[in-house]
Every structure is written in structure tokens, then in C-alpha cells.
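Chain residues, written in single-letter form:
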Amino acid sequence: MRFITYNAKNYRDIEYMKYLPEEVKREIDIVSSVIPFKTNNYVVDYLIDWENFRDDPIYVLNFPNKDMLTENQYERVEGVLSGDHSKLDINRVINKIRLEMNPHPAQQMTNVPVLDGEKLEGSQHKYRDIILFFPSQGQTCHAHCTFCFRWPQFIKDLDLKFSMREIEKVVEYIKKNESINEILFTGGDPMVMSPAELSKYIDVLLDTAPSNLTNIRFGSKSLAYWPFTFLPEFSDEAEDMLRLFRRIVEKGKHLSFMAHFNHPVELDNEIVEQAIFNIRQTGAEIRTQAPILNHINNDSGAWARMWKMQIELGLVPYYMFVERETGPYDYFQIPLAEVYQTYQEAIRESGSFAKTLTGPVMSADKGKVHIMGVADNPVTGEKYFIMQYVRHRDYRQTFRPFFMKYDTQATWVDQLTEVVPEEMTVAAGNKQR
Ligand SMILES: *Cc1c(COP(=O)(O)O)cnc(C)c1O
Ligand code: SF4
């Protein structure tokens, strides 16, 4: 199967574009100058329902639309694109808007490990047992999600990319830091690499294998965006990729493929189901994670269906994330109270094997904050969110429940106030200060 990518330059070649009014294409032209836009022939042919494209979750996932910018931002881009402006002026306006969109949530660029005084720029070590590795060829994806918090990595001229070629130094670092037992290959998507490219990294890991490194993870959206990667009938390289997975497993490593699925439609065809089967045959585990997003999957039925399908296919639900405050987050954000309710409705429908899921979770500055529940205080009549860090920079702070004042509007943990235990015993209105 030939991989055809569509972007701002050539998307009008997509056959289904005939269903789209010219004004919608104009919107795509304008908004895609700010938000990275990329899709491909699998997504377009298999996943999007073109007759209802406006409300189609996968259309919204890939195609930029007007509401992803503020009115003011939209008008500024439209203005500078339609007049007789120099490339320099156009870029100035576009870059300014990008910087308004919080390109570095939760200090993405920090936690860079240091080996013998040298920064290992293509990796991140935030939690004691796990290191993230960003192979330089994996800093793109088979398509780009409009909500993506990694979006600055896809825009070359902002020069905010991390990447690194040398895995050897990372191996040295792992050897020196015995608490590390896991390496996570992430991006972008490491599965955009050919098996030959990926092998160069994996071979170093397997050959020089530090004994403390027992787990290898790939974070990938390829099962949703290009499942042919794992289908020898369609791809010359698929057998090599599967063989690489088998090699990792045969070395005794726990290989976990962290698959990103946003909607049940991404699991609902024979191609992806065969790809999942083939990966599982290698001995790799497939765990799943995704953010909950307005306009895409803000619906407990969609999550319940998705988890049910995942479990039937042998996948292990792992994380439901809250959308980070970056990119067009006004468009995708959902208040935490609503997120929790949707989660609760969905998980209740999902049965025993869905209990492996942790959610909803915010990946924040100090760590991953899990919303465990909403509780009523019978004494004060107040409501709380019960939360815990399932990951914290300081691991001793993990799995310790705390209370935050309930709020129907807040969309992120930093908008909430922590409740101190003394306040819990004083009825509201009787507080003495
Ligand atoms: C999420 C994350 C991890 C992996 O955490 P798990 O809870 O094990 O999935 C590792 N490093 C960073 C920086 C992360 O954000
Ligand atoms: S697949 Fe992941 S990294 Fe790639 S665009 Fe989507 S959210 Fe971002």
C-alpha cells in the first residue's frame, strides 16, 4: 500500500474534497498556516465519513477549522494572507499567533538528563524509573492531530524540536542510573521510522543491554493512522518490523506498544484488527491511551464502545488523559467536572478488563494528576475532587490522595484550590478565620 500524505499544499487532490464547499477549503487554508496539517490516504479513505464531515470525529482530528483559532486570530491570519504582504510579514503574524497558543505546556523542555556534564537533548528524565527518548527520525506522525500538544515539534522554523541521534549516551546514562528500568520511544511517532532505522537504536539497547533496563515502550498512533506498517500483505517492511518486535521479546524484555486511539471508529475495520493481531503475535503487549476532547470523543458511549472493542481485541486500557493547555485548547477543552462524569459513565459500562485504566489524568508540571472521584462532605455540604499523583517528580509524593474544591468550570488542576483538612470539619458559613 502506497503512503500518500496530504497537507496544506495538496489536500485539494483528495477525491472527497468535492463534498466540501469552497468556504470550508478557505478555512483550511487559513487555519493550516498556524496549526500543522497533515493527513493521509488511509485516514481519508477508511476513517472519515465524508457525508457528515463537519461532525465527523476523525475529520475534526485531522482537518483544521475556523473555530480552532479565536476570531481575532483568524482575522489576523486572513488579513495578512489576503493582502499583498511579504513572506516575512506573513511569518511574523503566524509566529506571533503560535506563541499565543502556549507552545510549551508543563515545561516540556525541562528534565533533560546530563551525562558527564553533557546534556542529552533528545531525551527526558522526569520520573525516576523511566526515560523518554525522542529519536530524531521519529519527530513526525503519519497524520497530525489538530489538538496535539507536541505541535511545536512539527513546525521547523520555530526551532523548538528535541531530537538526538546517539542512543549510546542514553545507554550509558541508564547504566549509571540504576533506578531506571524502562525506556519509552516517543515523538512524534517512532513508528514512522523504517524497521531498519528503528533497529539501529534497538540493536544498541539489546546488545549493550543494561541489566536494569527491563521494559521497552513505543508510544505510537500508527495503528490508527497507518496500520499497514504491521501488515506484510501490504507493506514490504512489515515483516521486518514484526521481527524486530519479536527480537525484543525474545531478549526477555517487556515490550509495550502504547497505542493511541481517540475514537472507536479507529478500531472498526479489518485492517487495524489484523495489524493488532500481528503485533500481539510477536509477544508485545498493546496498551491504549488517549485524551478526552470536545468535538471528538466527549461522549461516554464512545469511550465505553472503544474500551469494549479494545478488550475484545486483547488490548489493555491504560490512560484517559485530560487535554493539555496548548494549541487550540479552547476548542477541545472540557471542564474537569464533566470529564469525570463522562469517565464514570463510560467505565461503569466497560466491565472487568477495563479496570486497568487510570483516568482521567492531567500531565502537569509536577507530575500526572489523577482525578479519583468527586465526594460530598456531609458536615460542610461542600463538594471535593479527590485526586492523587500517579506520577510525581518526587516519587514519594505519589499515590497520596488529596482534596481540591469542586468547581464546575475549571479545566486544569492549577485552577483549583486545595482543601486543608481543618476546613473539612467546619460547616460552610461558620468558618472562623
Ligand atoms: C507520562 C510520562 C511518562 C510515562 O509515565 P507512565 O505513568 O509510566 O505512563 C514518563 N515520562 C514523562 C515525562 C511523562 O510525561
Ligand atoms: S499522533 Fe500523537 S504526537 Fe502525533 S500528532 Fe497526534 S497526538 Fe501529536
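For the structure given in this document, a descriptive report is provided here. (Residues numbered from 1 in each chain as written. Chains lettered and ligands numbered in written order. Predicted model: local features only at pLDDT ≥ 70, side-chain atom pairs only at ≥ 80, totals over all residues. Heavy atoms only, no water.)

## Details of helix α9 (residues 238-250)
Operational definition: The helix and strand labels rest on DSSP assignments: H or I over at least four residues marks a helix, E over at least two residues marks a strand, and numbering proceeds from the N terminus. Helix span, as expected, comes to 1.5 Å for every residue beyond the first. Summary of the burial criterion: residues with accessible area below 20% of their type's maximum are buried, those above 50% are exposed, and those between are partly exposed, where the area comes from a 1.4 Å probe applied to protein chains only. The arc in question is the one spanned by the directions pointing from the helix axis to the C-beta atoms.
End to end, α9 covers 18 Å across 13 residues, agreeing with the expected 18 Å (1.5 Å per residue, within 8%). Within the sequence span of α9, burial applies to Ala238, Met241, Leu242, Leu244, Phe245 and Ile248. Burial along α9 is one-sided: seen end-on, the buried residues are contained in an arc of 150 degrees. Positive phi appears at Gly252, one or two residues downstream of α9, with a value of about 90 degrees.

## A short note on the pattern of salt bridges
Here is the rule we go by: What makes a salt bridge here is a side-chain nitrogen of Lys or Arg within 4 Å of a carboxyl oxygen of Asp or Glu, nothing more.
Following the criterion strictly, the structure yields 19 salt bridges and no others. A salt bridge links Arg12 to Glu22; the shortest N-O distance between them is 2.8 Å. Pair noted here: Arg12 is in the loop between β1 (5-7) and α1 (22-31) and Glu22 is in helix α1, with a separation of 10 residues, a long-range link. Since its relative accessible area comes to 48%, Glu22 is described here as partly exposed. The partner of Glu239 in a salt bridge is Arg246, and the shortest N-O contact between them spans 3.5 Å. The network of salt bridges with shared partners includes Arg12, Glu22, Lys25 and Asp29.

## Observations concerning the packing of helix α11 (residues 300-312) against helix α13 (residues 336-348)
What counts here: For helices, the axis comes from a line fit to the C-alpha atoms of the stretch in contact; other axes are also lines fit to C-alpha atoms, and the angle between any two N-to-C directions lies between 0 and 180 degrees. Oblique is the label for any angle not under 35 degrees, not over 145, and not in the 65 to 115 range, which are roughly parallel, roughly antiparallel and roughly perpendicular in turn. Helix crossings get a hand from a simple test, with the near helix turned counterclockwise from the far one by less than a right angle marking a left-handed crossing and a clockwise turn marking a right-handed one. Should any heavy atoms of two residues lie within 4.5 Å, those residues are considered in contact. Side-chain classes are defined by residue name, with Ala, Val, Leu, Ile, Met, Phe, Trp, Tyr, Cys and Pro counting as nonpolar, Asp, Glu, Lys and Arg as charged, and the others, Gly among them, as polar.
Closest axis-to-axis distance for the α11/α13 pair is 8 Å, and the angle between their directions is 40 degrees. With respect to their mutual orientation, α11 and α13 come out oblique. Between α11 and α13 lies a crossing of right-handed hand. Contacts between α11 and α13 involve Ser300, Trp303, Ala304 and Trp307 on the former and, on the latter, Thr342, Tyr343, Glu345, Ala346 and Ile347. Grouping the amino acids of the contact of α11 with α13 by side-chain chemistry returns six nonpolar, two polar and one charged.

## As for empty space enclosed by the protein
Note the threshold: With a 1 Å grid spanning the protein atoms alone, the term cavity applies to any set of points in which a 1.4 Å probe fits but cannot get out, the term pocket to an open set with protein on both sides within 12 Å along at least five of seven lines, and the term lining residue to any residue with an atom within 4 Å of a point. Grid points are joined across faces, edges and corners, and a volume is the space filled by probe spheres set on the points.
Taken as a whole and judged by the stated rule, the model has two cavities of 30 Å³ or more. Its volume calculated, the second largest cavity comes out at about 40 Å³. Every residue along the wall of the second largest cavity is listed here: Ile292, Val322, Glu323, Phe332, Gln333, Ile334, Val339 and Thr411. Taken together, the residues that form the lining of the second largest cavity break down as five nonpolar, two polar and one charged.

## Description of the nonpolar core
In globular proteins that are soluble, nonpolar side chains generally tend to be buried together. As a reminder of what qualifies: Side-chain atoms within 4.5 Å link the members of a nonpolar core, which is a set of buried Ala, Val, Leu, Ile, Met, Phe, Trp, Tyr and Cys residues.
If you look at the biggest cluster of nonpolar residues, it comprises 123 residues, and the most contacted ones within it are Ile183, Phe185 and Leu223. A per-element tally of this core places α13 first, with seven residues. The residues touching Leu223, leaving out its near neighbours within four places in the chain, are Phe230, Phe257, Ala259, Phe261, Val272, Ala275, Ile276, Ile279 and Ile286. Tyr127, Ile130, Phe134 and Leu184 belong to the second largest nonpolar core, which has five residues in total.

## Points about the site of ligand 2
We count it as follows: It suffices for a single heavy atom of a residue to lie within 4 Å of a molecule or strand for the residue to be listed as near it.
The environment of ligand 2 is made up of nine residues, and the closest members are Cys141, Cys145, Cys148, Lys221 and His260. For the shell around ligand 2, the per-class residue count stands at five nonpolar, three polar and one charged.

## Some details on the sheet that holds strand β7 (residues 182-185)
In a beta sheet, neighbouring strands pair by backbone hydrogen bonds and run either parallel or antiparallel. The condition is simple: Two strands make a pair as long as DSSP finds a minimum of two bridges between them.
Taken in spatial order, the 11 strands line up as β5-β6-β7-β8-β9-β10-β11-β12-β13-β14-β15 in an open sheet, and their pairing is mixed. Every interior strand has two partners, whereas the edge strands, β5 (123-127) and β15 (402-405), have only one. Neighbour-to-neighbour, the strand axes of this sheet turn through a mean angle of 30 degrees, independent of strand direction. Contacting β6 (130-133), β7 and β8 (215-220), helix α7 (residues 195-207) crosses the sheet at an angle of about 175 degrees to β7.

## Description of the packing of helix α6 (residues 167-176) against α7
Where α6 contacts α7, the two axes come as close as 10 Å, and the packing angle between them is 30 degrees. Between α6 and α7, the crossing angle belongs to the class labelled roughly parallel. The interaxial crossing formed by α6 with α7 has right-handed handedness. Side by side, α6 and α7 meet where Ile167, Glu168 and Val171 of the first sit next to Tyr201, Val204 and Leu205 of the second. In terms of residue class, the contact of α6 with α7 is made up of five nonpolar, no polar and one charged.

## Regarding the side chain of His263
Here His263 shows up in the loop between β9 (254-260) and α10 (270-281). Excluding anything up to four places from it in sequence, His263 contacts Pro57, Ile58, Ile296, Ala302, Arg305 and Met306.

## Observations concerning the packing of aromatic side chains
Selection rule: Aromatic contacts are taken between Phe, Tyr and Trp rings whose centres are within 6.5 Å, Trp giving its six-membered ring; a plane angle under 30 degrees counts as stacked, one over 60 as edge-to-face, and the others as tilted.
Under the defined criterion, the tally for this structure stands at 30 aromatic pairs. Seen from their ring centres, Phe185 and Phe218 are 5.6 Å apart, and the 65 degrees between their planes marks the pair as edge-to-face. One end of the pair, Phe185, is in strand β7; the other, Phe218, is in strand β8, with 33 residues separating them in the sequence. Take Phe185 and Phe218: they sit in the same class, and that class is buried. Measuring from ring centre to ring centre gives 5.4 Å for Trp303 and Trp307, while their planes differ by 55 degrees; the resulting arrangement is tilted. In this pair, Trp303 and Trp307 both sit in helix α11, four residues apart, roughly one turn of the helix. As far as the burial class goes, Trp303 and Trp307 line up, both buried. Site record: aromatic cluster; members linked through ring pairs are Tyr11, Tyr16, Phe37, Trp50, Phe53, Tyr59 and Phe63.

## Thoughts on the environment of Arg26
Topologically, Arg26 is positioned in helix α1. Along the chain, Arg26 and Lys66 lie 40 residues apart, while their C-alpha atoms are 9.5 Å from each other.

## What to know about the environment of Asn297
Position of Asn297 relative to the elements: it lies in the loop between β10 (285-292) and α11. Residue Asn297 is classed as buried on the basis of its relative accessible area, which comes to 1%. Taking the C-alpha atoms as reference, Asn297 lies 33 Å from Val112; in sequence the two are 185 residues apart. Filtering out sequence-adjacent residues up to four positions away, Asn297 remains in contact with Asn262, Pro291, Ile292 and Trp303.

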